[in-house]
Amino acid sequence: MKNSLTITDTTRIKSISIGGKVIETHEGESVLETLERQNIEVNYNCREGFCGVCRTKLLSGSVDYRIEPLAFIDDDEILSCCTVPTSDISIKFEY
Amino acid sequence: MRYTTFNQKTIDTMIEPMFFGNSVNVARYDQQKHPIFEKLIEKQISFFWRPEEVDVSKDRVDFGKLSDAEKHIFISNLKYQTLLDSIQGRSPNIAFLPIISLPELETWVETWSFFETIHSRSYTHILRNLFSDPSEIFDDIVVNEEIKRRATDISKYYDDLIFATQLFQTRGEGTYEVEGENHVITMRELKKKLFLCMNSVNALEAIRFYVSFACTFAFAERELMEGNSKIIRLIARDENIHLTSTQHILNLWAKGKDDPEMAEIALECKDQAREIFLTAVHQEKEWAKYLFKDGSMLGLNEEILSSYVEFIANQRMAAIGLKPEFEIKSNPLPWMNNYLSSDNVQVAPQEVEVSSYLVSQINAEVSSDDFTDFDL
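Residues numbered from 1 in each chain as written. Chains lettered and ligands numbered in written order. Predicted model: local features only at pLDDT ≥ 70, side-chain atom pairs only at ≥ 80, totals over all residues.

Looking only at helices and strands, chain B features 14 helices and two strands. A principal-axis box enclosing the C-alpha atoms of chain B has dimensions of 75 × 65 × 40 Å. Considering chain B as a whole, with its 376 residues, one finds that 42% of them fall into the buried category. Pairs at least 24 apart in sequence give 75% of the contacts found in chain B among residues at least 6 apart. (Helix = DSSP H or I, 4+ residues; strand = E, 2+ residues; numbered from the N terminus. Buried ≥ 20, exposed ≤ 12 C-beta atoms within 10 Å, placed from the backbone. Contact = placed C-beta atoms within 7 Å.)

The structure is reproduced here in structure tokens:
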């Protein structure tokens, strides 16, 4: 029952560390939404996983995609607009 | 290597490269070498829209109230976008289809180009509403020096690839003299031309529309020309998908996930690719200067617009593995994101005149409950 495990997992509060800051997620929030709530400037355009503007380096941890991403992302990158952390994560903006 | 519209050889498209392999025969999508293109087709089609759905009639009144400098900005941008979509509505088809080897990529290119033709039709829709005779505006596109300079730069990579492909597909590899000029046609040269062309198209989709988009949305921020803005928002959403597709193609090549020779070429021509991108950035800044020659508009001037171009250029350069060129780290026009976000484009059908509401529809789902108050 891998699925049910994942679901229980995402409802727990996770932390996102970015540039020396550690912030807590709220239930159901995407990484982008969490960052915005903390007034961290994030690049985005479409918020739907197809433009790739919110591409972010995932340094550690894991995420789940709420929508299938269509934009190009490298193996160590995530799209913040459509991912939810499934563990504490550490991320970095590249540009 | 003559082109055939239905290759009668049995080919395994799972091992074909994206370009310059065997020409496609069956348009089948049950097996895909690069499934991303099929996903992009689905997404793009789900965005289908018609210019006529958007009511632009209120814009005519707004337009009358604009200053002459603002009118110049508005009309010049429409002309430039008309040029861009005139090129994009045909060129991917003519340049890429004859050399594509994967059915999903072939259909993607056709879908992509088709949407560019919707954009072209929407410019006529906008201009017809503003002028009783818009022909003067369209006629100027081929004589306006500022626009012509950009047209030359955009079309030359396409034209180069198309011409070399024609020589290759009619005569094969070799050196040919045409109209006093020597042309060396080898597969390697063709692939280089393809690589440069794809970079030029990528820069077009990444950068060239955005000065114009920014002006449109700056008018909308002042609640002016909102019909136009609604249309440009739909166009911007489409262009973002198109950009994603060229980024995928370039990255598939560079990362050796398609044709190994293209991976070599990507490395060999990296400086040229960078140059193509930076030329587009430079030309867009020049365009901003031309737009504001008679004066700026509220909320926007040449300087802010140029730094916005640099800002998005950094992001889009990084997306294709080029080192970002510019210092800027923060978005100088944060409100642009509201207009480029897909959520904000999806307006309730009853608020806009969506086509599916215009034509009569039948609900084909009938349950037994529907007959409860029905007596014979």
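When its secondary structure is counted, chain A shows two helices and seven strands. Reading the helices (α) and strands (β) of chain A from amino to carboxyl end gives α-β-β-α-β-β-β-β-β. Put simply, chain A has 95 residues, and 42% of those count as buried.

Counting from both sides, the interface comprises 23 residues of chain B and, opposite them, 17 residues of chain A. If you list the elements that add at least two residues to the side of chain B that touches chain A, you get α1 (36-46), α9 (226-254), α12 (302-319) and α13 (336-340) of chain B. Broken down by element, the residue count for the side of chain B that touches chain A peaks at seven residues, all from α9(B). Among the residues forming the side of chain B that touches chain A, the class breakdown is seven nonpolar, 12 polar and four charged. (Nonpolar A, V, L, I, M, F, W, Y, C, P; charged D, E, K, R; others polar.)

All names here are of chain B. For the pair helix α8 (residues 210-221) and α9, interaxial distance at closest approach is 9 Å and the crossing angle is 140 degrees. The orientation of α8 with respect to α9, classified from their angle, is oblique. Of the two possible hands of crossing, α8 and α9 adopt the one that is left-handed. Here Phe213, Thr216, Phe217, Phe219 and Ala220 of α8 come into contact with α9, specifically with Glu226, Asn228, Ser229, Ile232 and Ala236. (Axes fitted to C-alpha atoms, helices over the stretch in contact; angles between N-to-C directions. Parallel < 35°, antiparallel > 145°, perpendicular 65-115°, else oblique. Left-handed = near helix turned anticlockwise from the far one by under 90°.)

In the Ramachandran plot, Arg47(A) falls in the positive-phi region, its phi being about 60 degrees despite a non-glycine side chain. With respect to the element layout, Arg47(A) can be found in the loop between α2 (31-37) and β3 (55-60). Here the phi dihedral of Phe20(B) falls at roughly 60 degrees; this positive angle occurs in a residue that is not glycine. Overall, Phe20(B) belongs to the buried group, with 20 C-beta atoms counted inside 10 Å.

Core analysis: the largest hydrophobic core is formed by 123 residues, its most contacted members being Cys197(B), Ile207(B), Ala214(B) and Val309(B). If near-sequence neighbours (up to four positions away) are discounted, Val309(B) is found in contact with Ile207(B), Tyr210(B), Val211(B), Val281(B), Glu284(B) and Lys285(B). (Core = buried A, V, L, I, M, F, W, Y, C linked by C-beta atoms within 7 Å.)

Attention now moves to the sheet that holds strand β2 (residues 21-24) of chain A. Residue and element names in this part refer to chain A. The sheet built from five strands is open, its strands ordered β2-β1-β7-β3-β5 with mixed pairing. What marks the edges here is a single partner per strand, and that holds for β2 and β5 (77-79). Shown here is a sheet whose adjacent strand axes are inclined to one another by a mean of 35 degrees, direction ignored. Bridge count between strand β1 (residues 15-18) and strand β7 (residues 89-92): three bridges; the pairing is parallel. In the strand pairing of β7, Ile16 is matched with Ile89. (Pairing = 2+ DSSP bridges.)

For the rest of this paragraph, the subject is helix α3 (residues 68-96) of chain B. Taking 1.5 Å as the rise per residue, α3(B) with 29 residues should run 42 Å; its terminal C-alpha atoms sit 41 Å apart, in good agreement. Its axis deflected by about 35 degrees at Arg90(B), α3(B) carries its strongest bend there, up to four residues before the proline Pro92(B). (Expected span 1.5 Å × (residues − 1). Bend = angle between axes of the 7 residues up to and from the residue.)

Quick look at the pairing of strand β1 (residues 174-178) of chain B now. Residue and element names in this part refer to chain B. Within β1, only zero of the five residues are buried, leaving the element largely exposed. Pairing geometry for β1 and strand β2 (residues 181-185), over five bridges, is antiparallel. What sits directly across from Tyr176, in β2, is His183. What sits between the antiparallel neighbours β1 and β2 is a turn of two residues, in which Glu179 has the positive phi angle 45 degrees.

Bringing helix α6 (residues 145-171) of chain B into the picture now. All names here are of chain B. For α6, spanning 27 residues, the distance from its first C-alpha to its last is 37 Å, which sits close to the expected 39 Å at 1.5 Å a residue. For α6, the principal kink sits at Ser155 and spans about 35 degrees. Those residues of α6 that sit buried are Ile147, Arg150, Ile154, Tyr157, Tyr158, Leu161, Ala164, Thr165 and Phe168. The inward-facing, buried residues of α6 contact α3, α5 (135-141), β2, α7 (187-208) and α11 (270-291). Just downstream of α6, Gly172 is the residue with a positive phi angle, here 85 degrees.

Moving on to the environment of Ala71(A). Take Ala71(A): it is sitting in the loop between β4 (63-65) and β5. Spatially, the C-alpha atom of Ala71(A) lies 5.5 Å from that of Cys51(A), the residues being 20 residues apart in sequence. Apart from residues lying up to four places away in sequence, Ala71(A) is in contact with Gly49(A), Phe50(A), Cys51(A), Gly52(A), Leu79(A) and Thr244(B).

Residue placement: Thr117(B) occurs in helix α4 (residues 103-130). Measuring from C-alpha to C-alpha, the distance between Thr117(B) and Glu42(B) comes to 18 Å, with 75 residues separating the pair along the chain.

Turning our eyes to something else, we now look at the pairing of β3(A). Residue and element names in this part refer to chain A. Two strands pair when backbone bridges link them, and β3 and β5 are joined in this way by three bridges, in the antiparallel orientation. Bridging from a neighbouring strand, Lys57 pairs with Glu77 of β5. One ladder, built from three bridges, connects β3 with β7; its direction is antiparallel. In the sheet register, Leu58 faces β7, and the bridge partner there is Ile91.

Another point: the confidence of the model for chain B. Taken residue by residue, chain B gives an average pLDDT of 92. The fraction at 70 or more is 94%. Confidence drops under a pLDDT of 50 for residues 349-361 of chain B, and excluding neighbours within four residues, the segment shows 13 contacts in the predicted structure. (pLDDT = per-residue confidence, 0-100.)

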